[in-house]
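Summary of the model geometry
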There are 4 protein chains.
Amino acid sequence: MLNRTVLVGRLTKDPELRYTANGVAVANFTLAVNRPFSNQQGEREADFINCVIWRKQAENLASYMGKGSMVGVDGRIQTRSFDNQEGKRIFMTEVVAESVQFLESRNSNQGKQGGQPGNTSNQTQQNQGGFQPQQESQSSGQEPFDNAEPVDLSDDDLPF
Amino acid sequence: MLNRTVLVGRLTKDPELRYTANGVAVANFTLAVNRPFSNQQGEREADFINCVIWRKQAENLASYMGKGSMVGVDGRIQTRSFDNQEGKRIFMTEVVAESVQFLESRNSNQGKQGGQPGNTSNQTQQNQGGFQPQQESQSSGQEPFDNAEPVDLSDDDLPF
Amino acid sequence: MLNRTVLVGRLTKDPELRYTANGVAVANFTLAVNRPFSNQQGEREADFINCVIWRKQAENLASYMGKGSMVGVDGRIQTRSFDNQEGKRIFMTEVVAESVQFLESRNSNQGKQGGQPGNTSNQTQQNQGGFQPQQESQSSGQEPFDNAEPVDLSDDDLPF
Amino acid sequence: MLNRTVLVGRLTKDPELRYTANGVAVANFTLAVNRPFSNQQGEREADFINCVIWRKQAENLASYMGKGSMVGVDGRIQTRSFDNQEGKRIFMTEVVAESVQFLESRNSNQGKQGGQPGNTSNQTQQNQGGFQPQQESQSSGQEPFDNAEPVDLSDDDLPF
DNA sequence: TTTT
DNA sequence: TTTT
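Per an unreviewed UniProt entry, chain A goes by Single-stranded DNA-binding protein and derives from Alkalibacillus flavidus. In UniProt, chain A has this text filed under Function (unreviewed entry): "Plays an important role in DNA replication, recombination and repair. Binds to ssDNA and to an array of partner proteins to recruit them to their sites of action during DNA metabolism."

Spelled out as structure tokens, the structure:
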């Protein structure tokens, strides 16, 4: 059935890259999407939308985008439930990104570096928009993905 | 910022119609949206997506659609947080429907009736698709909205 | 770059199924999508949107849906140009359907028949919503695709 | 009926701002949207999608965005037909933008200037994303809309 | 060239 | 008639 979501927003923090037991990459991230209208106090609020992305695109996102980066996401809404530490069933809703477009990387130099757009490609045949962020800060030869924690994750939620 | 969701799914139960203290109608409902692929056990799963709809459309939805009805929704994702009974902060994600399209009403006769499409209109200038479900079961002269509980609800989440 | 379109509408005629020289199935169809508002004369108008769909889904669409059937489409806008008979460059815009959902087949018995939903599947792993139209008229043992014209078509527009 | 399109792309030229006889602003523009895959020659192509936008947002777009600017569009597909000079019926398809998000203005200094984001607002209650393009070139006190041609246009296509 |  |  039809289930389609398109978002443009900014990462609230660096994406969290992990690997399933089978070595499949997954990244979780939250998008702050500003609302187009003001609330009754006249303030602009934002929605904080949890997203997941799989495989190569997860790795690219973690390499090139960080806290504050602006991305476009095309995906679908997925709901899951699991039992938390207190044995209570928790329901969660997130967007499974089928493709991401890099619209702007964060412009600060501190924190995670941007990798080397020159020699690494953020383009995969299958999905994205090939926008090469120009204001990308790129200085160190830092190894990409080094903060990925290859923990034991189940492949259960793997789509397709 | 761009925030757009389009869904087609079935109501998991009758919509819950309420009114804010100012008399604004709101309906909450959950859509079961079947996934287009099977899981690792070869089963087809569904996502259960919480939705809200406001004003006239809330009333129309509650009048004409019930458990099992198929609807299309065009809206945006909204996140909210509130403190539950145990004082724990709960985050929730839902789709604010800006327009709904009635694709098929449930075909059973029991439970909530379909209202009188003949004299009540489910068409508003602003939004929807004017599909008049033909297999609509319509037999009783039951008053519409009679199961709406006009409780005290805040207008805080009222969009626009 | 983001390019996403979701439509729900009715086929203005039976889909036209063809095959490229390499045997790839393509179907063209037009969707009448009713507008949610009235024009200045107080009439409801519709948009007539050209769509294309490829491979297995093209065949399924041609087998099960016909003039008047209601479908949901999830795809992207594509523009093409070609030189017409008079040597004039023609620009056209159409929606490439990545997945279709069968919402309702036409309810008349005349014209193309609906095939045998009982033994043929309109579900493919990759895409659609598995809605089994219940009011489907199914009577003849008519061979599916028999009105497909396996003409010489180029694969140039084949996406992915 | 559901009819939703979301695009991110670049203006192929400066938007064309006009006014109807009743003084309603309309801007036409074309978006180049790069495809996420390569063709059989290994080249990346783009779709060139015609768009229209009405009222205040038309004026804002014309003031702040020009050839090469990147924008996000949330709207719906509309088809129209008219008879051309040779008396031939022409069908056209375009996207009616309900909201636009300014993602990046062109970074050149020549050509149309960017107006004064400081004192003019590109934010309207109704629609857009409030992104303030930071690399905006802003130097001249050029009057906004001065290249708008207040020609005689019909209000016929005015939506809502 | 348009659907219910 | 097309953008980076």
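Read on for the rest.
Near DNA strand E there are 13 residues, and of these C:Arg10, C:Ala32, C:Asn34, C:Ala46 and C:Phe48 occur at the shortest range. Taking all atoms of DNA strand E within 4 Å of the protein, the share assigned to sugar and phosphate is 42%. One of the side-chain nitrogen or oxygen atoms of C:Arg10 is found 3.3 Å away from a sugar or linking oxygen of DNA strand E. Take C:Asn34: an N or O atom from its side chain is 3.0 Å from a base nitrogen of DNA strand E. Elements with a contribution of two residues or more to the surface near DNA strand E: strand E1 (3–11), strand E3 (25–38) and strand E4 (44–54) of chain C together with strand E6 (89–104) of chain D. If one sorts the elements of the surface near DNA strand E by residue count, E3(C) sits on top with 3 residues. Taken together, the residues that form the surface near DNA strand E break down as 5 nonpolar, 5 polar and 3 charged.

Below, the discussion takes up the relation of the copies chain A and chain B. You can overlay chain A on chain B at an RMSD of 0.0 Å; the transform is a turn of 180° with a shift of 0.0 Å along its axis. As the rotation angle and translation indicate, the two copies are arranged about a two-fold axis. Closest to the rotation axis within chain A is the C-alpha of A:Thr5, separated from it by 2.1 Å. The share of interface residues of chain A whose copies in chain B are also at the interface is 100%, consistent with both copies meeting through the same surface.

Both the distance between ring centres and the angle between the ring planes are used here to describe each pair of aromatic rings. Residue and element names in this part refer to chain D. In this structure the tally under the stated criterion is 4 aromatic pairs over all chains. Plain terms: the ring middles of Tyr64 and Phe102 are 6.5 Å apart, the flat faces sit at 55° to each other, and that makes the pair tilted. Pair noted here: Tyr64 is in helix H1 (residues 55–64) and Phe102 is in strand E6, with a separation of 38 residues, a long-range link. This pair shows no difference in class: Tyr64 is buried, exactly as Phe102 is.

Further remarks concern the environment of B:Arg10. In this structure, B:Arg10 sits in strand E1 (residues 3–11). Within polar-contact distance, the side chain of B:Arg10 engages the backbone oxygen of B:Gly68 at 2.9 Å.

Contact residues are listed per partner, giving 33 residues for chain A and 33 residues for chain B. Across the interface of chain A and chain B, roughly 2700 Å² is buried in total on both sides, 54% from carbon and sulfur atoms. Summed over the shared surface of chain A and chain B, the result is 13 residue pairs in polar contact (both at pLDDT 80 or more). Among the elements of the structure, strand E1 (3–11), strand E3 (25–38), strand E4 (44–54), strand E5 (70–83) and strand E6 (89–104) of chain A are those that each provide at least two residues to the side of chain A that touches chain B. By residue number, the principal contributor to the side of chain A that touches chain B is E1(A), which donates 8 residues. Of the residues contributing to the side of chain A that touches chain B, the split by class is 16 nonpolar, 9 polar and 8 charged. When E1(A) meets E1(B), the two strands line up antiparallel, connected through 5 bridges.

Rules used in this analysis
Residues numbered from 1 in each chain as written. Chains lettered and ligands numbered in written order. Predicted model: local features only at pLDDT ≥ 70, side-chain atom pairs only at ≥ 80, totals over all residues. Heavy atoms only, no water. UniProt positions renumbered as here; feature names shortened; annotations may be inferred. Near = heavy atom within 4 Å. Polar contact = N/O pair within 3.5 Å; in protein donor to acceptor, adjacent residues only side chain to side chain. Helix = DSSP H or I, 4+ residues; strand = E, 2+ residues; numbered from the N terminus. Nonpolar A, V, L, I, M, F, W, Y, C, P; charged D, E, K, R; others polar. Least-squares fit on C-alpha atoms with pLDDT ≥ 70 in both. Contact = heavy atoms within 4.5 Å. Phe/Tyr/Trp six-rings, centres within 6.5 Å; stacked < 30°, edge-to-face > 60°. Buried < 20%, exposed > 50% of the residue type's maximum accessible area, 1.4 Å probe, protein only. Buried area = accessible area lost by both parts, 1.4 Å probe. Pairing = 2+ DSSP bridges.

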